[in-house]
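Residue-level structure breakdown
Spelled out from the first residue to the last, the chains are:
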Amino acid sequence: MAQKNRDAGPAARQILDMNAFDAAAGMGAASPSLKRRIANVGAAAVLFYREPIEVVSARGSWMTAADGKRYLDFYNNVPSVGHSHPRVVADVTDQIARLNINTRYLNSVVDRYLDALKAKFPDALSNVVLSCSGSEANDLAVRIAATASGGTGIIVTENAYHGNTSIISDISPSALKRRGLPDHVVTVAAPAHAGQRNSIENAFAAHIERAIAELERRGHKFSAFICDSIFSSDGVYADPPGFLRKAIDTVHKAGGLYIADEVQPGFARTGDAFWGFARHDVMPDVVTMGKPMGNGFPMAGLATRPELLARFCEETGYFSTFGGNPVAAAAGMAVLEVIAEERLQDNALEKGAHIKARLKDLATKDDRIADVRGAGLFLGIELCRPGHAAEPDPELASGAINGLKDRGVMIGAAGRFGNTLKVRPPLSLSEEEADIFVDRLADTLSGIPAS
Ligand SMILES: Cc1ncc(COP(=O)(O)O)c(C=O)c1O
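What you see is a predicted model, and the numbers here were worked out from it, not measured in a lab.

Some remarks on the sheet that holds strand β4 (residues 127-131)
Taking strand neighbours across the sheet as the criterion, the seven strands line up as β4-β10-β9-β8-β7-β5-β6 in an open arrangement whose pairing is mixed. Both outer strands of the open sheet, β4 and β6 (185-188), are each paired with one neighbouring strand and no more. Sheet twist, expressed as the average angle between the axes of neighbouring strands with direction ignored, equals 20°. Pairing between strand β9 (residues 286-289) and strand β10 (residues 300-304): four bridges, direction antiparallel. Following the sheet pairing, M289 is matched in β10 by G301. Helix α3 (residues 108-118) rests against β4 and β9 of the sheet, and its axis sits at about 120° to β4.

The structure is reproduced here in structure tokens:
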């Protein structure tokens, strides 16, 4: 937990610790359900909120707790076509009653999905490998990059989170607590939100160039640059579109691979494009995806060029028992069809613009809102000390998260200091729901005295 120390400024926080229940602070008046969870999971429990919520059901943009209270879900980007979407539920139910088996057999449900998913990528990325988690997808991506480049040097952003395997924890600064990054991993600052397009583009490319030189100085051959295309755990940096171009040129000129982690921004959330990297008009060597892919059914995967995958498979056998099974394929197909049929990419653009405009208006009246940024229905609201945009206020963010919880809205935080609220509602959000969020946020902030 970050300590309050105004003079020294706030401490950096791990993404999983932000607004989490802190068992070490004591169980106090913990409910029987909370005690049972902590007794079962121990130190690996990562419950949200100082007083965790017990949820029992969800539909559309709303979740219902055991005590009957309803919450507007502005946090979870997994059920992105809406919680318990009837089409996903029906297709998964139908398929699990028919056949569920691993991918060592031909099956038209799986191959139809692979065709549909591939159609969402640039032609060059014509091989798709399905897995069960974003971590696994990133793990494979990093290993593909190692065989292709002959090196192990990785560049990540300074607050990145890419998953939980051994290889991937090592490249996830936001997951590391006491131990530091290994020698073969170098970080770059996330792209800043201020300034002109050219300066962000040039500054970010210059950071990458320095990081490549640093890897060389340490004796590690450069293998890959991996980034979340909307830099979510770094604090949500989306604009201006195209600012990644020069950095990716630099990566390619140095012989490295560019891995686009689309686990958070993928599947139409940014509104402008189906993938976050497409907003920047750059060409990844590997794209990884997960979270919204099955609307809650655990599925993930990557897309890459056939020769890169072939090179990896020459050296190492690769198979996933559950990855890409027919039930996952049915869930994934339903998600793709619902996004298209309900025009959810357009809705993300439209409702995102509406929320952004209303938040920017709120910022003119409340000088603790330092910035509102992002794309589509993936926005960041940066909170600061009154009138001091450069002084992050994570305690205000915590107050807002808990105040919104009291008012029936779920939201989380991101950024190095945890002072940026992450706005990620289902893509099916209505204007009425968008307004409920902004109204309740305004009410919450007005109830927190400026300090
Ligand atoms: C950007 C990003 N990449 C990868 C992952 C890992 O995905 P999973 O938890 O499915 O392993 C996450 C999870 O939060 C993520 O935010």
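Now, onward.
As for the site of the ligand
As a structural note, the neighbourhood of the ligand is formed by S133, G134, S135, N138, Y161, H162, G163, D228, D261, V263, Q264 and K291. In this structure, Q264 approaches the ligand through a side-chain N or O atom, which is 2.8 Å from an oxygen atom. Note that an oxygen atom of the ligand is positioned 2.9 Å from one of the side-chain N or O atoms of K291. For the shell around the ligand, a count of residues per class yields two nonpolar, seven polar and three charged.

Considering the pattern of salt bridges
Scanning the model with the defined rule gives 28 salt bridges in all. The shortest N-O distance in the salt bridge between E341 and R87 comes to 3.0 Å. On the criterion of sequence distance, the pair formed by E341 in helix α10 (residues 326-341) and R87 in helix α2 (residues 86-98) is long-range, its members being 254 residues apart. Residue class for E341 comes out exposed when judged on its relative accessible area of 53%. Residue classification places R87 among the partly exposed positions, given a relative accessible area of 26%. Taking the shortest distance from any N to any O, the salt bridge between R373 and E382 comes out at 2.6 Å. Residue E382 is classed as buried on the basis of its relative accessible area, which comes to 11%. Each of R87, D91, R112, E337 and E341 takes part in one network of salt bridges that share partners.

Brief notes about the domain arrangement of the protein
Taken domain by domain, the protein holds domain 1 (15-47), domain 2 (53-81 + 344-446) and domain 3 (86-341). Each of domain 1 and domain 2 has a C-alpha centre, and the two are 24 Å apart. Taken together, both faces of the contact between domain 1 and domain 2 bury some 420 Å²; the carbon and sulfur share is 50%. Connecting domain 1 to domain 2 are zero salt bridges. Inspection of the region where domain 1 meets domain 2 yields one residue pair in polar contact (both at pLDDT 80 or more). Classifying every residue of the side of domain 1 that touches domain 2 by side-chain character gives two nonpolar, two polar and no charged.

Topic: the pairing of strand β16 (residues 420-423)
Burial along β16 is two-sided: T420 and K422 and L421 and V423, pointing in opposite directions, are all buried. When strand β12 (residues 378-385) meets β16, the two strands line up antiparallel, connected through four bridges. Looking at β16, one finds that I381 is bridged to L421. Across three bridges, strand β15 (residues 412-414) lies against β16 in antiparallel orientation.

Some details on the packing of aromatic side chains
With the rule as written, the count across this model stands at 13 aromatic pairs. With a centroid separation of 4.3 Å and an interplanar angle of 20°, the aromatic rings of F74 and F437 are classed as stacked. Residue F74 is located in the loop between β3 (70-73) and α2, and its partner F437 is located in helix α13 (residues 431-446); the two are separated by 363 residues in the primary sequence. Like F437, F74 is buried.

Some points on the layout of surface pockets
Empty space within the second largest pocket amounts to approximately 650 Å³. Across the lining of the second largest pocket, the residue classes break down as 14 nonpolar, six polar and five charged. Shared between two domains, the lining of the second largest pocket takes at least three residues from each, and those domains are domain 1 (15-47) and domain 3 (86-341).

Some words on the sheet that holds strand β14 (residues 409-410)
One open sheet holds the four strands; their spatial order is β1-β2-β3-β14, and the pairing between them is mixed. Strands with a single pairing partner mark the edges of an open sheet, and in this sheet they are β1 (55-59) and β14.

Examining unusual backbone geometry
Cis peptide bonds are those with omega within 30 degrees of zero, and the linkage from D239 to P240 qualifies with -5°. Relative to the helices and strands, P240 resides in the loop between β7 (222-228) and α7 (245-253). With a phi close to 60°, F267 is a non-glycine residue in the positive phi region. Residue placement: F267 occurs in the loop between β8 (257-261) and α8 (276-279). Of the residues examined, F267 reaches a relative accessible area of 1% and is grouped as buried. One non-glycine residue, A268, adopts positive backbone phi at about 80°.

What counts as what
- Residues numbered from 1 in each chain as written.
- Predicted model: local features only at pLDDT ≥ 70, side-chain atom pairs only at ≥ 80, totals over all residues.
- Heavy atoms only, no water.
- Pairing = 2+ DSSP bridges.
- Helix = DSSP H or I, 4+ residues; strand = E, 2+ residues; numbered from the N terminus.
- Axes fitted to C-alpha atoms, helices over the stretch in contact; angles between N-to-C directions.
- Contact = heavy atoms within 4.5 Å.
- Near = heavy atom within 4 Å.
- Polar contact = N/O pair within 3.5 Å; in protein donor to acceptor, adjacent residues only side chain to side chain.
- Nonpolar A, V, L, I, M, F, W, Y, C, P; charged D, E, K, R; others polar.
- Salt bridge = Lys/Arg side-chain N within 4 Å of Asp/Glu carboxyl O.
- Buried < 20%, exposed > 50% of the residue type's maximum accessible area, 1.4 Å probe, protein only.
- Domains from an automatic or database assignment.
- Buried area = accessible area lost by both parts, 1.4 Å probe.
- Phe/Tyr/Trp six-rings, centres within 6.5 Å; stacked < 30°, edge-to-face > 60°.
- 1 Å grid on protein atoms, 1.4 Å probe; cavity = no way out; pocket = protein on both sides within 12 Å on 5 of 7 lines; lining within 4 Å.
- Points joined across faces, edges and corners; volume = space filled by probe spheres on them.

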